[in-house]
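Secondary and tertiary structure notes
If you want the building blocks of each chain, they are given just below.
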Amino acid sequence: MHAPSTWHHGLVADYWALVNLDAPELVLYRRYLRSPILDAGCGAGRLLGPLRRQGFDIDGCDSSADMIERCRRRVPDASLWVSPLHELDPPRRYATIVCCGVLGLGSAREQDVQAIERLYDALLPGGTLLLDNEERPFRWRVRGWNEPTKGEISLCSRVDAVDADDRCVHMTIRAETPDGRREEHALTMRQWYRDELLPLFRDAGFATVEVHAGIDECTQVYVAVRQP
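Let me begin by describing the structure that accompanies this report. (Residues numbered from 1 in each chain as written. Predicted model: local features only at pLDDT ≥ 70, side-chain atom pairs only at ≥ 80, totals over all residues. Heavy atoms only, no water.)

A word on the pattern of salt bridges
Once the charged atoms of two side chains with opposite charge are near each other, the side chains can pair. Enumeration over the complete set of coordinates arrives at 16 salt bridges. Glu196 is the partner of Arg167 in a salt bridge, and the nearest nitrogen-oxygen pair spans 2.5 Å. Highlighted residues: Arg167 in the loop between strand 6 (154-163) and strand 7 (168-176) and Glu196 in helix 6 (residues 194-204), separated in sequence by 29 residues. Classification of Arg167 by relative accessible area gives buried; the value is 13%. Judged by relative accessible area, Glu196 falls into the partly exposed class, the value being 23%. Linking Arg182 and Glu176 is a salt bridge whose minimum nitrogen-to-oxygen distance equals 3.1 Å. Taking relative accessible area as the criterion, Glu176 reaches 25% and is therefore assigned partly exposed. Each of Asp14, Asp66, Glu69, Arg70 and Arg73 takes part in one network of salt bridges that share partners. (Salt bridge = Lys/Arg side-chain N within 4 Å of Asp/Glu carboxyl O. Helix = DSSP H or I, 4+ residues; strand = E, 2+ residues; numbered from the N terminus. Buried < 20%, exposed > 50% of the residue type's maximum accessible area, 1.4 Å probe, protein only.)

As structure tokens, this is what we get:
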């Protein structure tokens, strides 16, 4: 098996900054949001940008320096830094932390456990963590390259290895441009289920955890509140 890694670099970072613009999660998150906010795994600023424009005091971090650089282009006055979740050590504490589509990406299972603990520590007393998680049957299989996307940057991916016991998939993505630039990056992606996550929240110290429906039938939003 390959070491944990994420593919959000170079041309792939450019691609996500170009096409990943909608923020439907904010409709679900809005009633929980209180400043200051941390967007943990902010990417190119898909959520951070709209929240900043709405007047929220919000910072952002991401494990990819390239994604942080794209976010800084979009929100030049935001406080941004590079950090994986399991090493999170922010300069201040937050009333709300948003962690959208990040848990299990480019990390080992024990690092995900550490991430929940770090997120707890980064909250103010009584603060709220909003963490979404996709839960579906694990049906990944090794396969070759799929059909590339069309556009200014085309992407295609393959599945290199599958660890069914750990519910982890190891993939490679290829990004290409019409002028001949080509890059390949690796990604590890792990699935977590509700009966595994709820004990992690309790062990980290959260006082309450609610689970709500997310933006689609496979996504759930965990609303975890730190002890007052």
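Now that the structure has been shown, we can carry on.
A word on the sheet that holds strand 8 (residues 182-190)
On the basis of which strands lie adjacent, the open sheet formed by three strands has the order 6-7-8 and antiparallel pairing. A strand with exactly one partner marks an edge of an open sheet, and here the two such strands are strand 6 and strand 8. Geometrically, the sheet is characterised by an average inter-axis angle of 20 degrees between neighbouring strands, direction not taken into account. (Pairing = 2+ DSSP bridges. Axes fitted to C-alpha atoms, helices over the stretch in contact; angles between N-to-C directions.)

Topic: the nonpolar core
Within the largest apolar cluster, 27 residues are counted, with the highest numbers of intra-cluster contacts made by Leu38, Ile97, Leu119, Leu129, Leu131, Phe201 and Phe206. Of all the secondary-structure elements, those providing two or more residues to this core are strand 1 (37-40), strand 4 (94-100), helix 5 (109-121), strand 5 (123-134), helix 6 and strand 10 (219-225). Non-local contacts of Phe201, meaning those with residues more than four positions away in its chain, are made with Ile116, Leu129, Phe206, Val209, Tyr222 and Ala224. By size, the runner-up hydrophobic cluster in this structure holds 21 residues, among which are Leu48, Cys71, Val75 and Cys100. (Core = buried A, V, L, I, M, F, W, Y, C linked by side-chain atoms within 4.5 Å. Contact = heavy atoms within 4.5 Å.)

Looking at the pairing of strand 7
Working note: regular strand, side chains alternate between the two faces of the sheet. Counting buried residues in strand 7 gives eight out of nine residues, a clear majority hidden from the surface. Direction of pairing for strand 6 relative to strand 7: antiparallel, over a ladder of nine bridges. Paired with Val162 across the two strands is Val169, which belongs to strand 7. The turn joining strand 7 and strand 8, which pair antiparallel and follow one another in sequence, is formed by five residues; a positive phi near 100 degrees is taken by Gly180.

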